[in-house]
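Secondary and tertiary structure notes
Each chain, written out:
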Amino acid sequence: LLGAVLQTHPVRVKCISSGIVMCFSDLTAQILASRTNPATEEEEEELWHAWYEWHRSMQICIWAMFIHGPMMHVYYGLLESAANIRPCTQVIHFV
């Protein structure tokens, strides 16, 4: 399924997957940062969404979907043509 969608809409798939991965990586970074920087007793009593920066995650997600994803599509296309290798869509389809 992914191979077929990747061949028909490669940029969309890369943009969406880039946004999802970057959003989850920011969530992980914020969780790890909150554990390494101990909160005060008052902050510990608040809910977890009090320390989670939704605005930051959405900025990263939007950046990844509209800038990072398309740029990496073009960049890896140039690398594949320069190295004369098969595109990753053919490799996924082969597997």
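The shown structure was predicted, so the numbers you read here are calculated from the model rather than taken from an experiment.

Below, the discussion takes up the overall build of the chain. Looking only at helices and strands, the chain features five helices and zero strands. Traced from its N-terminal end to its C-terminal end, the chain shows the element sequence α-α-α-α-α. Relative to its full complement of 95 residues, the chain shows a buried share of 17%. Restricting to contacts in the chain with at least 6 residues of sequence separation, those with at least 24 account for 70%. Put simply, the chain shows about 7,500 Å² of open surface, and 67% of that area lies on carbon and sulfur atoms.

Let us now look at the side chain of Asp26. One can find Asp26 in helix 2 (residues 10-36). A polar atom in the side chain of Asp26 sits 2.5 Å from the side chain of Ser57. Dropping the residues within four chain positions of it, Asp26 is found in contact with Arg56, Ser57 and Ile60.

In total, this model carries one aromatic pair according to the counting rule given. Ring geometry for Tyr75 and Tyr76: centres 5.5 Å apart, planes at 70°, overall edge-to-face. On the accessibility criterion, Tyr76 (47% relative accessible area) is partly exposed.

Once that is clear, we can look at the confidence of the model for the chain. Summing up the model confidence of the chain, the mean pLDDT is 80 and the portion of residues at 70 or higher is 73%. Looking across the chain, the model is least confident in helix 5 (residues 88-94), with a mean pLDDT of 57, and most confident in helix 4 (residues 54-83), with 91.

Another aspect to go through is the pattern of salt bridges. Per the counting criterion, the structure on display carries one salt bridge. When the shortest N-O distance is used, the salt bridge between Asp26 and Arg56 registers 2.7 Å. Separated by 30 residues along the polypeptide, Asp26 in helix 2 and Arg56 in helix 4 bring together distant segments of the chain.

The rules behind these values
Residues numbered from 1 in each chain as written. Predicted model: local features only at pLDDT ≥ 70, side-chain atom pairs only at ≥ 80, totals over all residues. Heavy atoms only, no water. Helix = DSSP H or I, 4+ residues; strand = E, 2+ residues; numbered from the N terminus. Buried < 20%, exposed > 50% of the residue type's maximum accessible area, 1.4 Å probe, protein only. Contact = heavy atoms within 4.5 Å. Areas by Shrake-Rupley, 256 points an atom, 1.4 Å probe, with all protein chains shown as cover. Polar contact = N/O pair within 3.5 Å; in protein donor to acceptor, adjacent residues only side chain to side chain. Phe/Tyr/Trp six-rings, centres within 6.5 Å; stacked < 30°, edge-to-face > 60°. pLDDT = per-residue confidence, 0-100. Salt bridge = Lys/Arg side-chain N within 4 Å of Asp/Glu carboxyl O.

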